[in-house]
Amino acid sequence: MNYHIIGDIHGHGDKLEALLQHLGYVRQGGIYQQPGAKVVFLGDFIDRGKQHRQVLGIVKPMVEAGHALAVMGNHEFNAIAYHTPHPETGEPLRPHTDKNTYQHRAFLDEYQLHDDETREIIDWFKALPLYLEEKNPKGRVLFRAVHACWSQPVIERVPERLDIDYLVKACDETLPEYDDIEVILKGPEIDLPVDYSFHDKSGIERHNIRIKWWNDKRQVSYRDIAMVPEGEEINLPDSSVPESEIGDYGYGRNEPPVFFGHYWLTGKPAPITGNLACLDYSAGKGGQLVAYHWREGKQAVLSADCFVVA
Ligand SMILES: [Mn+2]
């Protein structure tokens, strides 16, 4: 089997269609397909772009017909919470504040709140797994897929799919379920020691950092593990991050390959290590939609040659 793993689409239907066609998928009976091949979508189908109907009209039938697999992104999670009332209070699980509505605007321009077809899309989002392991018939794991972070302890704590009870908990910032969903769908962040900060891409001063969760060393400094704009590392401490902060994170070099999206990468696509690849090259803000061509039985080590752009 050939697999084409595709990163964050964010409402850009033309980019998706061009990439699928370039990869050899043909629309038959309204559904893109290719014998002996399957797509793996890494979530974040929505928000930002203006072609939600086009994207969802391609992705949902492909998954339903077995021509694709998909995991949930943080934007689908937020949409579920935005469109779902709390079972007791009736208030939306994600409040309809100006900020939350602004982030979801492009989707809402195409799918009306409370509409039946919107409900159908939200129900489909809700049924997406939070992570997946693709196995061969003997049960050996071929690869893993998750929107932002594969942390084994966290994966073992979260359900494979959301139910309403878990969803309600995951929308409550005071509960551990909230943190676990944040890790899986947005990636882990840790606080900097007191008095340290850096400036993010928007120039905002931050006291916490996104971390390279695939770190495989026991001791690592803030400077080594931080994902910050180039040149900002110098503002971070050179001291070791306490085990209590990073104990849940790490990805062994002999583990199955893991594919993820979410990180708005730029530049020439390449794997991060021999068994880790991020497929988000910022298609949602002017970048290219990128696929990774994974051939069963061929490759032990991920390679830059297997990235495909239309
Ligand atoms: Mn994301």
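Residues numbered from 1 in each chain as written. Predicted model: local features only at pLDDT ≥ 70, side-chain atom pairs only at ≥ 80, totals over all residues. Heavy atoms only, no water.

K.L.:
Describe the domain arrangement of the chain, with residues and values.
P.N.:
According to the domain assignment, the chain contains domain 1 (2-187 + 252-309) and domain 2 (189-247). Here domain 1 and domain 2 have C-alpha centroids that lie 26 Å from each other. Contact residues are listed per partner, giving 13 residues for domain 1 and seven residues for domain 2. Both faces combined, the contact of domain 1 with domain 2 buries some 920 Å², and carbon together with sulfur accounts for 61% of it. Run the count over domain 1 and domain 2 and you get one salt bridge. (Domains from an automatic or database assignment. Contact = heavy atoms within 4.5 Å. Buried area = accessible area lost by both parts, 1.4 Å probe. Salt bridge = Lys/Arg side-chain N within 4 Å of Asp/Glu carboxyl O.)

K.L.:
If you had to explain helix 9 (residues 176-186) to someone new, which residues and values would you point to?
P.N.:
Of all the positions in helix 9, only Glu 177, Asp 180, Ile 181, Val 183, Ile 184 and Leu 185 are classed as buried. Residues of helix 9 that are buried in the fold lie against helix 3 (74-83), strand 7 (141-146), helix 7 (152-157) and helix 8 (164-170). The first or second residue beyond helix 9 is Gly 187, which carries a positive phi of 85°. (Buried < 20%, exposed > 50% of the residue type's maximum accessible area, 1.4 Å probe, protein only. Helix = DSSP H or I, 4+ residues; strand = E, 2+ residues; numbered from the N terminus.)

K.L.:
Describe the coordination of the manganese ion, and please don't skip the residues or the numbers.
P.N.:
Ideal values differ by geometry: the angle at a metal is 109.5 degrees with four tetrahedral donors, but 90 or 180 degrees with six octahedral donors. Within the protein, the manganese ion binds to Asp 44 (OD), Asn 74 (OD1), His 147 (NE2) and His 262 (ND1); these donor distances fall in the range 2.1 to 2.2 Å. Along the chain, the residues donating to the manganese ion fall in the pattern D-x29-N-x72-H-x114-H. Taken together, the residues Asn 74 in helix 3 and His 147 in the loop between strand 7 and helix 7 connect sequence positions 73 residues apart. (Donors = N, O, S within 2.8 Å, 3.2 Å for Na, K, Ca; no water.)

K.L.:
Which residues make up the state of the cysteines, and what values go with them?
P.N.:
Counted according to the given criterion, the structure contains zero disulfides. The thiol of Cys 149 is unpaired, and the distance to the nearest cysteine sulfur, on Cys 278, comes to 12 Å. The cysteine Cys 306 is free of any disulfide, with Cys 278 supplying the nearest cysteine sulfur at 16 Å. Judged by relative accessible area, Cys 306 falls into the buried class, the value being 11%. (Disulfide = S-S within 2.5 Å.)

K.L.:
Explain the environment of Asp 47 residue by residue, including any values.
P.N.:
Position of Asp 47 among the secondary structure elements: in the loop between strand 4 (37-41) and helix 2 (52-64). Classification of Asp 47 by relative accessible area gives buried; the value is 3%. Taking the C-alpha atoms as reference points, Asp 47 and Phe 107, 60 residues apart in sequence, are found 5.4 Å from one another. Once you skip the residues sitting within four places of it in the chain, Asp 47 turns out to touch His 10, Gly 11, His 52, His 75, Gln 103, His 104, Ala 106 and Phe 107. Separated by 3.0 Å, the side chains of Asp 47 and His 104 make a polar contact. (Polar contact = N/O pair within 3.5 Å; in protein donor to acceptor, adjacent residues only side chain to side chain.)

K.L.:
I'd like a description of the pairing of strand 6 (residues 131-135), backed by residues and values.
P.N.:
Alignment of strand 6 against strand 7, held across five bridges, turns out to be antiparallel. Paired with Glu 134 across the bridge in strand 7 is Phe 143. Once strand 6 ends, the chain turns through five residues before running back antiparallel as strand 7, passing Gly 139 with a positive phi of about 90°. (Pairing = 2+ DSSP bridges.)

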